Amino acid sequence: RKEVEQDPGPFNVPEGATVAFNCTYSNSASQSFFWYRQDCRKEPKLLMSVYSSGNEDGRFTAQLNRASQYISLLIRDSKLSDSATYLCVVNTNAGGTSYGKLTFGQGTILTVHP
Amino acid sequence: SAVISQKPSRDICQRGTSLTIQCQVDSQVTMMFWYRQQPGQSLTLIATANQGSEATYESGFVIDKFPISRPNLTFSTLTVSNMSPEDSSIYLCSVRQGGEKLFFGSGTQLSVL
(Lines give C-alpha, C1' and ligand atoms only; values in the text may rest on other atoms or scores of the structure.)
Protein backbone atom coordinates (compact mmCIF):
# COMPACT_ATOMS: atom_id res chain seq x y z
CA ARG A 1 0.00 0.00 0.00
CA LYS A 2 1.31 3.45 -0.87
CA GLU A 3 2.02 5.82 2.00
CA VAL A 4 -0.12 8.52 0.42
CA GLU A 5 -2.80 7.74 -2.12
CA GLN A 6 -4.88 10.01 -4.27
CA ASP A 7 -7.38 9.47 -7.02
CA PRO A 8 -5.35 10.57 -10.05
CA GLY A 9 -8.43 11.73 -11.91
CA PRO A 10 -8.56 13.54 -14.20
CA PHE A 11 -11.47 15.56 -12.95
CA ASN A 12 -13.10 17.59 -15.69
CA VAL A 13 -15.57 20.13 -14.36
CA PRO A 14 -17.30 23.23 -15.74
CA GLU A 15 -16.62 26.66 -14.41
CA GLY A 16 -18.56 27.34 -11.24
CA ALA A 17 -18.68 23.72 -10.19
CA THR A 18 -17.72 22.40 -6.79
CA VAL A 19 -15.15 19.63 -6.78
CA ALA A 20 -13.63 17.60 -3.96
CA PHE A 21 -10.46 15.55 -3.78
CA ASN A 22 -9.63 12.95 -1.17
CA CYS A 23 -6.31 11.62 -0.05
CA THR A 24 -5.57 8.72 2.28
CA TYR A 25 -2.39 8.08 4.24
CA SER A 26 -1.15 4.87 5.79
CA ASN A 27 0.98 6.03 8.70
CA SER A 28 -1.15 6.86 11.71
CA ALA A 29 1.81 8.72 13.24
CA SER A 30 1.68 11.34 10.50
CA GLN A 31 1.56 14.75 12.06
CA SER A 32 0.90 17.42 9.51
CA PHE A 33 -0.72 17.67 6.15
CA PHE A 34 -0.68 19.95 3.17
CA TRP A 35 -2.14 20.50 -0.25
CA TYR A 36 0.20 21.67 -2.99
CA ARG A 37 -0.70 22.83 -6.46
CA GLN A 38 1.44 22.08 -9.50
CA ASP A 39 0.84 23.73 -12.82
CA CYS A 40 2.02 22.03 -15.97
CA ARG A 41 5.81 22.10 -16.26
CA LYS A 42 6.10 24.15 -13.08
CA GLU A 43 7.28 23.43 -9.56
CA PRO A 44 4.77 22.56 -6.82
CA LYS A 45 3.58 25.45 -4.70
CA LEU A 46 1.97 25.32 -1.30
CA LEU A 47 -1.76 25.82 -1.53
CA MET A 48 -2.71 25.38 2.10
CA SER A 49 -1.96 23.52 5.27
CA VAL A 50 -4.59 21.20 6.68
CA TYR A 51 -5.53 21.62 10.32
CA SER A 52 -7.38 19.20 12.54
CA SER A 53 -10.30 21.56 12.90
CA GLY A 54 -10.52 22.10 9.18
CA ASN A 55 -9.63 25.35 7.50
CA GLU A 56 -10.82 27.54 4.74
CA ASP A 57 -9.05 29.95 2.42
CA GLY A 58 -11.45 31.69 0.11
CA ARG A 59 -12.95 29.09 -2.20
CA PHE A 60 -10.76 26.33 -0.81
CA THR A 61 -11.61 24.21 2.21
CA ALA A 62 -9.34 21.54 3.64
CA GLN A 63 -10.34 18.92 6.17
CA LEU A 64 -8.57 16.21 8.10
CA ASN A 65 -10.04 13.01 9.48
CA ARG A 66 -7.42 11.36 11.65
CA ALA A 67 -9.59 8.42 12.60
CA SER A 68 -10.04 7.41 8.98
CA GLN A 69 -6.64 8.76 7.93
CA TYR A 70 -7.74 10.91 5.09
CA ILE A 71 -7.65 14.54 4.12
CA SER A 72 -9.80 16.36 1.63
CA LEU A 73 -9.75 19.49 -0.46
CA LEU A 74 -12.95 21.17 -1.60
CA ILE A 75 -12.92 23.82 -4.30
CA ARG A 76 -16.06 25.88 -4.71
CA ASP A 77 -16.99 28.01 -7.69
CA SER A 78 -14.22 26.57 -9.84
CA LYS A 79 -12.29 28.91 -12.10
CA LEU A 80 -10.42 28.13 -15.29
CA SER A 81 -7.25 29.09 -13.44
CA ASP A 82 -7.83 26.29 -10.94
CA SER A 83 -6.79 23.78 -13.61
CA ALA A 84 -3.69 22.09 -12.22
CA THR A 85 -2.48 18.99 -10.43
CA TYR A 86 -3.23 18.95 -6.72
CA LEU A 87 -0.75 17.10 -4.55
CA CYS A 88 -1.53 15.74 -1.12
CA VAL A 89 1.50 15.90 1.18
CA VAL A 90 1.92 14.19 4.52
CA ASN A 91 4.62 14.85 7.09
CA THR A 92 5.70 11.99 9.31
CA ASN A 93 8.33 12.45 11.96
CA ALA A 94 10.80 9.70 11.18
CA GLY A 95 12.80 8.26 14.04
CA GLY A 96 15.98 10.17 14.79
CA THR A 97 15.11 13.26 12.80
CA SER A 98 13.68 16.48 14.00
CA TYR A 99 12.22 17.68 10.75
CA GLY A 100 10.04 14.80 9.63
CA LYS A 101 9.68 13.32 6.19
CA LEU A 102 7.34 14.73 3.60
CA THR A 103 5.65 12.18 1.38
CA PHE A 104 3.82 13.28 -1.75
CA GLY A 105 0.78 11.68 -3.27
CA GLN A 106 0.74 11.11 -7.00
CA GLY A 107 -1.52 14.08 -7.55
CA THR A 108 -5.04 14.65 -8.82
CA ILE A 109 -5.43 16.36 -12.16
CA LEU A 110 -8.17 18.96 -12.37
CA THR A 111 -9.33 20.56 -15.58
CA VAL A 112 -11.91 23.33 -15.39
CA HIS A 113 -13.57 24.06 -18.72
CA PRO A 114 -15.75 26.95 -19.86
CA SER B 1 9.04 32.69 1.31
CA ALA B 2 12.56 31.89 0.14
CA VAL B 3 13.57 32.67 -3.40
CA ILE B 4 15.23 29.60 -4.89
CA SER B 5 17.15 29.81 -8.14
CA GLN B 6 17.85 26.55 -9.90
CA LYS B 7 19.81 25.97 -13.05
CA PRO B 8 19.91 24.75 -15.69
CA SER B 9 16.18 24.84 -16.27
CA ARG B 10 16.47 22.05 -18.81
CA ASP B 11 19.10 20.01 -20.57
CA ILE B 12 19.39 17.23 -23.07
CA CYS B 13 22.29 14.90 -22.38
CA GLN B 14 23.92 11.85 -23.87
CA ARG B 15 23.91 8.62 -21.92
CA GLY B 16 27.05 8.02 -19.91
CA THR B 17 27.64 11.70 -19.21
CA SER B 18 26.99 13.63 -16.00
CA LEU B 19 25.04 16.78 -15.25
CA THR B 20 25.39 19.06 -12.25
CA ILE B 21 22.36 21.02 -11.13
CA GLN B 22 22.84 24.12 -9.00
CA CYS B 23 20.51 25.53 -6.41
CA GLN B 24 20.89 28.96 -4.81
CA VAL B 25 18.72 30.24 -1.98
CA ASP B 26 18.39 33.90 -1.03
CA SER B 27 18.63 33.14 2.70
CA GLN B 28 20.57 30.77 4.90
CA VAL B 29 18.94 27.42 5.46
CA THR B 30 20.13 24.42 7.42
CA MET B 31 18.78 21.75 5.11
CA MET B 32 18.13 21.59 1.42
CA PHE B 33 16.22 18.78 -0.21
CA TRP B 34 16.56 17.26 -3.64
CA TYR B 35 13.54 15.64 -5.27
CA ARG B 36 12.93 13.80 -8.49
CA GLN B 37 9.67 13.80 -10.41
CA GLN B 38 9.52 11.23 -13.16
CA PRO B 39 7.06 11.69 -16.00
CA GLY B 40 3.50 11.35 -14.77
CA GLN B 41 4.65 10.62 -11.24
CA SER B 42 4.76 12.45 -7.98
CA LEU B 43 7.82 13.70 -6.18
CA THR B 44 10.34 11.36 -4.63
CA LEU B 45 12.94 12.56 -2.18
CA ILE B 46 16.47 11.75 -3.33
CA ALA B 47 18.47 13.14 -0.42
CA THR B 48 18.74 15.79 2.24
CA ALA B 49 21.76 18.07 2.00
CA ASN B 50 23.11 19.38 5.28
CA GLN B 51 25.80 22.01 5.42
CA GLY B 52 29.02 20.65 6.85
CA SER B 53 28.13 16.99 6.68
CA GLU B 54 27.41 14.30 4.14
CA ALA B 55 24.03 14.20 2.50
CA THR B 56 21.47 11.71 3.74
CA TYR B 57 20.14 9.54 0.93
CA GLU B 58 16.76 7.88 0.73
CA SER B 59 16.29 4.23 -0.06
CA GLY B 60 17.06 3.54 -3.68
CA PHE B 61 19.43 6.47 -4.12
CA VAL B 62 23.21 6.30 -3.65
CA ILE B 63 25.97 8.83 -3.42
CA ASP B 64 27.90 7.43 -6.37
CA LYS B 65 24.96 8.06 -8.66
CA PHE B 66 23.77 11.34 -7.12
CA PRO B 67 26.68 13.10 -5.43
CA ILE B 68 25.64 16.23 -3.58
CA SER B 69 27.66 19.20 -2.42
CA ARG B 70 26.64 21.70 0.21
CA PRO B 71 29.51 24.14 0.61
CA ASN B 72 27.53 26.79 2.52
CA LEU B 73 24.10 27.62 3.89
CA THR B 74 22.74 29.09 0.67
CA PHE B 75 23.97 26.75 -2.05
CA SER B 76 23.86 23.11 -3.09
CA THR B 77 24.52 21.02 -6.16
CA LEU B 78 23.20 17.67 -7.27
CA THR B 79 25.06 15.68 -9.90
CA VAL B 80 23.36 12.99 -11.94
CA SER B 81 26.21 10.69 -12.88
CA ASN B 82 26.65 8.22 -15.71
CA MET B 83 23.20 9.05 -17.01
CA SER B 84 20.85 6.66 -18.73
CA PRO B 85 17.44 7.32 -20.29
CA GLU B 86 15.84 6.18 -17.02
CA ASP B 87 17.26 9.30 -15.38
CA SER B 88 15.08 11.50 -17.58
CA SER B 89 13.06 13.40 -15.06
CA ILE B 90 12.48 16.73 -13.41
CA TYR B 91 14.86 17.43 -10.55
CA LEU B 92 13.81 19.91 -7.90
CA CYS B 93 15.63 21.47 -5.01
CA SER B 94 13.68 22.71 -2.04
CA VAL B 95 13.95 24.25 1.39
CA ARG B 96 11.70 24.40 4.40
CA GLN B 97 10.46 27.62 5.86
CA GLY B 98 7.79 28.44 8.35
CA GLY B 99 8.28 25.10 10.02
CA GLU B 100 7.24 22.31 7.73
CA LYS B 101 6.31 24.22 4.60
CA LEU B 102 8.35 23.31 1.58
CA PHE B 103 9.35 25.74 -1.16
CA PHE B 104 10.77 24.62 -4.47
CA GLY B 105 13.11 25.86 -7.10
CA SER B 106 11.72 25.99 -10.62
CA GLY B 107 13.16 22.59 -11.45
CA THR B 108 15.54 21.11 -14.00
CA GLN B 109 13.98 19.10 -16.79
CA LEU B 110 16.51 16.48 -17.85
CA SER B 111 16.24 14.37 -20.97
CA VAL B 112 18.80 11.63 -21.55
CA LEU B 113 19.17 10.26 -25.06
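The text that follows walks through the structure, step by step, so that each part is easy to find. Please read these numbers as outputs of a predicted model, since none were measured by experiment.

Topic: the sheet that holds strand β6 (residues 55-57) of chain A
All names here are of chain A.
Okay, step 1: The strand order across the open sheet built from five strands is β1-β3-β8-β7-β6, with neighbouring strands paired in antiparallel fashion. Bordering the open sheet on either side are β1 (4-6) and β6, each of which pairs with just one other strand. Across the sheet, the mean angle separating the axes of adjacent strands is 20 degrees when strand polarity is ignored.
Okay, step 2: Looking at chain direction, strand β3 (residues 19-25) and strand β8 (residues 70-75) are connected through six bridges and run antiparallel. Bridge assignment links N22 to a residue of β8, and that residue is S72.

Looking at the interface of chain B and chain A
Okay, step 1: On the side of chain A, 18 residues touch chain B, which itself brings 17 residues to the contact.
Okay, step 2: Counting residues per element, the ones that place at least two in the side of chain B that touches chain A are β4 (31-37), β5 (43-50), β9 (89-97) and β10 (101-104) of chain B.
Okay, step 3: At four residues, β4 of chain B tops the list of elements feeding residues into the side of chain B that touches chain A.

Here we look at the sheet that holds strand β3 (residues 19-25) of chain B
Sheet strands associate in pairs through backbone hydrogen bonding, adopting either a parallel or an antiparallel arrangement.
Residues and elements named next belong to chain B.
Okay, step 1: With antiparallel pairing, four strands are arranged side by side in an open sheet as β1-β3-β8-β7. The sheet is open, and its two borders are formed by β1 (4-7) and β7 (68-72), each paired with just one other strand. The average angle at which neighbouring strand axes cross in this sheet is 15 degrees, direction not considered.
Okay, step 2: Where β1 lies against β3, four bridges are found, and the strand directions are antiparallel. Residue pairing across strands places I4 opposite V25, the latter belonging to β3.

Digging into the state of the cysteines
Okay, step 1: Summed over all chains, the structure comprises two disulfides over all chains.
Okay, step 2: Here C23 of chain A pairs with C88 of chain A through a disulfide, and the sulfurs are 1.9 Å apart. Taking the torsion about the S-S bond as the criterion, the C23 of chain A to C88 of chain A disulfide, at about -70 degrees, is left-handed. Here C23 of chain A is found in strand β3, whereas its partner C88 of chain A is found in strand β9 (residues 84-92), with 65 residues between them in sequence. Accessibility assignment for this pair places C23 of chain A and C88 of chain A in one class, buried.
Okay, step 3: Through a disulfide, C23 of chain B is tied to C93 of chain B; the S-S separation comes to 1.9 Å. The S-S bond linking C23 of chain B to C93 of chain B shows a torsion near 70 degrees; that makes this disulfide right-handed. You can see C23 of chain B sitting in strand β3 and its partner C93 of chain B sitting in strand β9, a full 70 residues away along the chain. Side by side, C23 of chain B and C93 of chain B carry an identical accessibility label, which is buried.
Okay, step 4: C93 of chain B supplies the cysteine sulfur nearest to C40 of chain A, a cysteine that is in no disulfide, at a spacing of 20 Å.
Okay, step 5: In this structure C13 of chain B is not part of a disulfide, and its nearest cysteine sulfur, from C93 of chain B, lies 17 Å away.

Describing unusual backbone geometry
Okay, step 1: Cis geometry marks the peptide bond from G9 of chain A to P10 of chain A, where omega comes out at 5 degrees.
Okay, step 2: Residue position: P10 of chain A is located in the loop between β1 and β2 (11-14).
Okay, step 3: With an omega of 0 degrees, the peptide bond running from K7 of chain B to P8 of chain B counts as cis.
Okay, step 4: If you trace the backbone, P8 of chain B turns up in the loop between β1 and β2 (10-13).
Okay, step 5: Its identity is not glycine, yet Q69 of chain A carries a phi of approximately 60 degrees, on the positive side.

Procedures and definitions
Residues numbered from 1 in each chain as written. Chains lettered and ligands numbered in written order. Predicted model: local features only at pLDDT ≥ 70, side-chain atom pairs only at ≥ 80, totals over all residues. Heavy atoms only, no water. Pairing = 2+ DSSP bridges. Helix = DSSP H or I, 4+ residues; strand = E, 2+ residues; numbered from the N terminus. Axes fitted to C-alpha atoms, helices over the stretch in contact; angles between N-to-C directions. Contact = heavy atoms within 4.5 Å. Disulfide = S-S within 2.5 Å. Buried < 20%, exposed > 50% of the residue type's maximum accessible area, 1.4 Å probe, protein only.

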